[in-house]
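Letter by letter, the chains look like this.
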Amino acid sequence: MSKTDFTELKALLSTPKQIAIVSHKSPDGDAIGSSLGLYHYLVSNGHKVDVIMPNDYPTFLKWMPGTDKVVFHEGNEANAESLINAAEVLFCLDFNTPSRAFGLEDVILRSKNVKVMIDHHPQPDDFADFILSDTSACSTAQLIHRYAEMMGDKIPNKESGECLYTGIMTDSGSFRFPSTTAETHRIVADLMDLGVDNAEVYNLVNNTSSEHRLRLLGYCIDDKLNVFSKYGTAFISLSLEEKKRFHFQKGDTEGTVNYPLSIEGVCFSAIFIEAEELIKISFRSIGDFDVNMFARTHFEGGGHRNAAGGKSDLGLQETIDKFVGLLPEYADKLK
Ligand code: 5GP
Ligand code: MN
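Every value quoted in this text rests on a predicted model; they were computed, and no experiment measured them. Along each chain, residue indices are assigned from 1 in the same order as the chain's sequence is written. Written order determines the labels here, with chains lettered from A and ligands numbered from 1. pLDDT decides what is reported in this predicted model: residues at 70 or higher carry local features, side-chain atom pairs at 80 or more are listed and counted, and totals for whole chains, interfaces and linings draw on all residues regardless. Based on all heavy atoms of the structure, the side-chain values leave hydrogens and waters out of the count.

## Quick word on the domain arrangement of the protein chain
Phase 1 of the analysis: According to the domain assignment, the protein chain consists of domain 1 (7–206) and domain 2 (211–330).
Phase 2 of the analysis: The C-alpha centroid of domain 2 is placed 27 Å from the C-alpha centroid of domain 1.
Phase 3 of the analysis: Interface area, domain 1 with domain 2, both sides summed: about 860 Å², of which 51% is carbon and sulfur.
Phase 4 of the analysis: A side-chain nitrogen of Lys or Arg and a carboxyl oxygen of Asp or Glu constitute a salt bridge if their distance falls within 4 Å. For the interface between domain 1 and domain 2, the tally reads 0 salt bridges.
Phase 5 of the analysis: Polar contact is defined as a pair of N or O atoms within 3.5 Å, subject to the rule that within protein one atom must be able to donate a hydrogen and the other to accept it, and that residues adjacent in sequence are counted only when both atoms are side-chain atoms. Inspection of the domain 1/domain 2 interface yields 2 residue pairs in polar contact (both at pLDDT 80 or more).
Phase 6 of the analysis: Residues are grouped as follows: nonpolar covers Ala, Val, Leu, Ile, Met, Phe, Trp, Tyr, Cys and Pro; charged covers Asp, Glu, Lys and Arg; every other residue, Gly included, is treated as polar. Residue classes in the side of domain 1 that touches domain 2 are distributed as 4 nonpolar, 5 polar and 3 charged. Domains are outlined according to an automatic or database domain assignment. Summed over both partners, the accessible surface that disappears when two parts come together, traced with a 1.4 Å probe, is what is meant by buried area.

This is how it looks when you write it as structure tokens:
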């Protein structure tokens, strides 16, 4: 059983340690923000820290302080694995099961270090020695602030603050999702006191798109939006050919799945994106419809009640047909 009392961990970390931080595949703002926020905090306490991600992340997150320190497992397997194995303490952030750290699952499970999971996804696996899991938290980055407090510390500097702010801002939909609480705003106030400039962070994340990306968004909404009013559902799909046409870069469809929810009466939205080897799917909902359950049940995925993802080995059209075919089953819940 993972311990929720961090007294022993606090004692362990009272002297400098070799630490590794890992997060999930296709890292998002919260994965990178929480990891680098924790990185700066641990470094300020004298630890030697490595940050390892399963694979690369979008350029709109690459301004964050410490981004140059991140080691990618994909393409650099031996180095990344040796850093995890060499660590005395391993922090697992923003995922609830080692399989989300795709490719690093076995290394994480076999490494002999003390493991600490900090996360906000439902139904966490019991693989860590210490766990801070709160599904009501809007982001893992918010939980890093709480973790520092539990350890009797404060977030030490602007660098850490900017990373945590980014994680909180991106995972809370810029503070508009219901998961945004008074605690979120109190923590953000703390981060602003450290010198974090909210407008600057927002610009760096959201106003650095390429022209292609904006045109792709227009195309998704104008040409590729399908609405099933009867089921309060809408979806968008993108093929490999369409991605190529719009010079697709990693992260270019981030957030696109939210737009269909702006239609009155639509409470369930999906985007299907064709990749070389599979179809990557994102699901979003408003209200009670549980997309975590839907993704787990039908598309080998998971996530949160209102934001989840999954995948499909079928072709793009077959995947869409499967999705559309499932809607009548959920008609009662999609109202
Ligand atoms: P996104 O749609 O932005 O990729 O992910 C939304 C949420 O679902 C995130 O919390 C993410 O961690 C989770 N998620 C995305 N894809 C998967 C997946 O394939 N498996 C699981 N378990 N969770 C996923
Ligand atoms: Mn998160």
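## Points about the packing of aromatic side chains
Phase 1 of the analysis: Stacked, edge-to-face and tilted labels apply to pairs of Phe, Tyr and Trp rings (six-membered ring for Trp) whose centres lie within 6.5 Å, assigned for plane angles under 30 degrees, over 60, and everything in between, in that order. The final tally for this structure, using the stated rule, is 24 aromatic pairs.
Phase 2 of the analysis: With centroids separated by 6.2 Å and ring planes inclined at 80 degrees, the aromatic side chains of Tyr-41 and Tyr-147 adopt a geometry described as edge-to-face. In this pair, Tyr-41 is assigned in helix H2 (residues 29–44) and Tyr-147 in helix H5 (residues 140–150), connecting sequence segments 106 residues apart.
Phase 3 of the analysis: We classify Tyr-147 as buried; its relative accessible area is 0%.
Phase 4 of the analysis: On the basis of an interplanar angle of 55 degrees and a centroid distance of 4.6 Å, the ring pair of Phe-268 and Phe-289 is categorised as tilted. Remark: Phe-289 occurs in the loop between strand E10 (279–285) and helix H11 (291–298) and Phe-268 occurs in strand E9 (residues 268–274); sequence separation between them is 21 residues. Across the pair, Phe-289 and Phe-268 agree in class, each one buried.
Phase 5 of the analysis: An aromatic cluster of three or more residues is present, and its members are Phe-228, Phe-235, Phe-268, Phe-272, Phe-283, Phe-289, Phe-294, Phe-299, Phe-323 and Tyr-330.
Phase 6 of the analysis: Either the NZ atom of lysine or the CZ atom of arginine qualifies as a charge over a ring when it sits within 6 Å of the ring centre and within 35 degrees of the ring normal. Its guanidinium or amino end placed over the ring of Tyr-57, Lys-62 lies 5.4 Å from that ring's centre, counting from NZ or CZ.
Phase 7 of the analysis: The residue whose ring lies beneath Lys-322 is Phe-299, and the NZ or CZ to ring-centre distance is 4.5 Å. Helix and strand assignments come from DSSP, with helices taken as H or I runs of at least 4 residues and strands as E runs of at least 2, each series counted from the N terminus. Residue exposure (1.4 Å probe, protein chains only): buried if accessible area is under 20% of the type maximum, exposed if over 50%, otherwise partly exposed.

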